[in-house]
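# Summary of the model geometry
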Amino acid sequence: MAWIELENITKTFGKVSAIRDLSLQIEKGEFVAILGPSGCGKTTLLRLIAGLEVADKGKIRISEEDVTFAPPNVRKIAMVFQNYALYPHMTVFKNISYPLFIKKVPDDEIKKRVNAIADSLKISLLLDRYPQQISGGQQQRVAVARAMIQTPNVFLLDEPLSNLDAMMRIEARSFLKYLLDKIGTTTIYVTHDQSEAMALADRIVVMQNGIIQQIDSPKDIYDKPSNTFVASFVGNPPMNLLEANININSAQAEIGSQYLDIKESILNLHKFPQNGRVYLGIRPEHISIYHESDTNNGSTLEGEVFVSEPLGFETIITVILGEQQIKVIKFGGLNNLKPGEKIKLQFKKNKIYLFDHETGYRINEIQEEDNEY
Amino acid sequence: MNKIRFSGAVNYIFLSVIVSFFIAPVIWLFVTPFSSSPSLSISLGTPTLSNFSSVFKDPAAVYSFGNSIIIAVGVTLLTVICASLAAYIFSRYHFKGSNFLIFILILFSNIVSGTAAMVPLYMLNISLGLINSYLGVIFTIAGGGIPTSIFILKSFFDSIPKSYEEAALVDGSSYSQMLLHIFLPLSKKGIIVIATLSFISAWGNFLIPFILLSSQSTYPASVTIYNFYTEMGLPNIGLISAYALLYTLPVVIGYLVVNKVFGFSFYGGIKG
């Protein structure tokens, strides 16, 4: 039996349904990230697990105990809030020790445990200060300390890094990963930042409109997105999705007024929509800029540079293809492409994804490790 | 240039007249109690404390302060308890018609009540057997003030992020522990403001005790001061002024407290 089980959960707020018939199982010790845009129901899902909301329908079990209607204080959970919610009238020490104080742990043991955790989180010098006297990054650590001082069944984190500036965020992310790996508690981490989810989680749950779109390892979420939503949400920049018509006989995709060869094996294996209309997906890093000197001569698409953004190690180039736009990443060195310049693009054939135009679901299987153009 | 100077002078004269009109009674209040020949004009004469000693020699004057304290404290307790509980619900739980309910309460307590409601309030107190009792006065004054207090406290509670309470629950505290350890300390300032305001309004209320109380021994200070006449039926100005100053002090102190507390802003462990 799974450690945390959500069974057919439905939750509506007035006329808005936040969670629709959602089922999810999380194993003990697992680190699961719930990823989705704002308003997708991910925070509601976390609050349902915490007991801060009650589901309209369905069941929630934590360590085999039905907690569907149990109040938060009996669920043995610890949570880090997006805004940290450190009690402003208490010192950092009192904040961290509050969960122990409630459990009537003896004073000297409280002191010992708070000092130990403060040491490991490098906040020992802040214990006498008030939350408003410390920085955002320090507040985040205090909030984590307050959650970690307990030995909870599950650790819930609601966008704990979103209030930090970009530099702090990456540092705090590494630290959080190190820390959570070390304690090994089951963790559910809500975020709208796909890079956080990719970097931290064992499994990612991608949500949209209160429905789970895909549950998979970070690698599979990235390499095998189940539909256009997941494909366009994960990746930085995300996958390009081009409207295309597939001609099965000639094994070509018609994109605007141009034609691109695709692997016949894809077409043989699967049924295509009658009219052949698909979204053709390709990640920016799987597109290369074709030079006349290149030896291989796979088919190319011709486009016009719209804008080129050098980021140091890589350059993101936005290219206009007929009426559509496509992003290309060129690694290494600065690129000197000028807007308006004509270029030819080549797609890695095995990294081409085809999605049904109507339903958005992926049609083709993806084979690993093949770099043929 | 001259024109500007002239209009500036006119402005100052005009303002001085208005200021002295408002400030004269205040000066009178602080000067006359110490005057040996108190009158309606502001003149100190020889400073004396005899007016105060005559206040303390009048038993009615002394125990009416006690009555005022009983009534004001009673109103304050009742208002704070009822208003904070109701405001918490209005702030944290939205039910159908909750905003309308507050609107109606405010409307009827502030606009319809007061002098217009005196006759029905009097009848109500008679039929409840509360006439000529402190309880009747306390209920009536508190009843008029609670809706406004709910409204003020609700806005204050609204400004306290809900996540503090949620964090406390997740940390393992029960609802009552959460209210006691987290919510009450955070809302302390708002509650002090409400307590001070209701104390001041009960302390200064004349009409309700004047109408609902009939025996002189139950009169609060506000009503007693109305009865300070000499044997010939003339107002005893020395006594009235000394008494008025003593009567004013708690209110002044109260306002100073409110002013100090109202200068707050909400800092917290919330990163915004």
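Counting restarts for each chain: residues are numbered from 1 in the order of the written sequence. A letter from A marks each chain and a number from 1 marks each ligand, given out in the order of writing. In keeping with the model being predicted, local features are shown solely for residues with a pLDDT of at least 70 and side-chain atom pairs are shown and tallied solely at 80 or more, while totals for entire chains, interfaces and linings include all residues. As a convention, hydrogens and water are excluded, and side-chain values are obtained from all of the structure's heavy atoms.

### Quick notes on the overall build of chain A
Short version of the rule: In DSSP terms, a helix is any run of H or I states spanning at least four residues, a strand is any run of E spanning at least two, and both are numbered starting from the N terminus. Burial here depends on accessible area, computed with a 1.4 Å probe over protein chains only, as a share of the maximum for the residue type. Under 20% is buried, over 50% is exposed, and the range in between is partly exposed. Whether two residues are in contact is decided by their heavy atoms: any pair within 4.5 Å suffices.
Tallying secondary structure elements over chain A gives 9 helices and 20 strands in all. Here the C-alpha coordinates of chain A stretch approximately 75 × 45 × 35 Å along the principal axes. Per-residue burial for chain A yields a buried fraction of 54% across its 373 residues. Pairs at least 24 residues apart make up 65% of the contacts formed inside chain A by residues separated by at least 6 positions.

### As for the environment of B:Leu78
Residue and element names in this part refer to chain B. As for its placement among the helices and strands, Leu78 is situated in helix H3 (residues 59-92). A relative accessible area of 26% places Leu78 in the partly exposed class. Taking the C-alpha atoms as reference, Leu78 lies 8.1 Å from Phe139; in sequence the two are 61 residues apart.

### Considerations on the pairing of strand E8 (residues 187-191) of chain A
All names here are of chain A. Filter applied, for reference: By this definition, two strands are paired if DSSP reports at least two bridges between them.
Among the 5 residues of E8, 5 are classified as buried, and the element is accordingly described as predominantly covered. Judged by which residues are buried, E8 turns out to be covered on both faces: Thr187, Tyr189 and Thr191 on one side and Ile188 and Val190 on the other are all buried. In terms of strand pairing, strand E3 (residues 31-35) meets E8 through 5 bridges, oriented parallel. From the neighbouring strand, Val32 faces E8, where its bridge partner is Ile188. Bridge analysis of strand E7 (residues 154-158) against E8 gives 4 bridges, and the strand direction is parallel. Note that in E8 the partner of Phe155 across the bridge is Thr187.

### Some words on the domain arrangement of chain A
Residue and element names in this part refer to chain A. The line we're drawing: Here the bounds of each domain stem from an automatic or database domain assignment. Buried area: the sum, over both parts, of the accessible surface (1.4 Å probe) that disappears when the two are put together.
Assigned domains of chain A: these are domain 1 (4-228) and domain 2 (240-356). Using only C-alpha atoms to locate each centre, domain 1 and domain 2 end up separated by 39 Å. Taken residue by residue, the interface counts 6 residues in domain 1 and 6 residues in domain 2. Summed over both sides, the interface between domain 1 and domain 2 buries roughly 560 Å², with carbon and sulfur atoms accounting for 57% of that surface.

### Some words on the confidence of the model for chain B
Residue and element names in this part refer to chain B. Which entries qualify depends on this criterion: Every residue is assigned a pLDDT by the predictor, reflecting its confidence on a scale from 0 to 100.
Per-residue pLDDT for chain B averages 86, and the proportion of residues at 70 or more is 92%. At the level of individual helices and strands, chain B shows its lowest average pLDDT in helix H4 (residues 98-112), which scores 80, and its highest in helix H7 (residues 163-170), which scores 94. Here residues 264-268 scores under 50 on pLDDT; set against residues more than four positions off or in separate chains, the count is 13 contacts. Under the prediction, the complex receives an ipTM of 0.82, its pTM being 0.79.

### Topic: the sheet that holds strand E11 (residues 240-247) of chain A
Residues and elements named next belong to chain A. Note the cut-off: Every axis in this analysis is a line fitted to C-alpha atoms, fitted for helices over the stretch in contact. Angles between the N-to-C directions lie between 0 and 180 degrees.
Pairing within the open sheet is antiparallel, and its 5 strands lie in the order E13-E12-E11-E14-E20. The open sheet terminates on both sides in strands that have one partner only, identified here as strand E13 (258-261) and strand E20 (353-356). Along the sheet, successive strands turn relative to each other by an average axial angle of 40°, direction set aside. Sheet topology note: the strand E14 (residues 277-282)/E20 ladder contains 4 bridges and is antiparallel. From the neighbouring strand, Val278 faces E20, where its bridge partner is Asp356.

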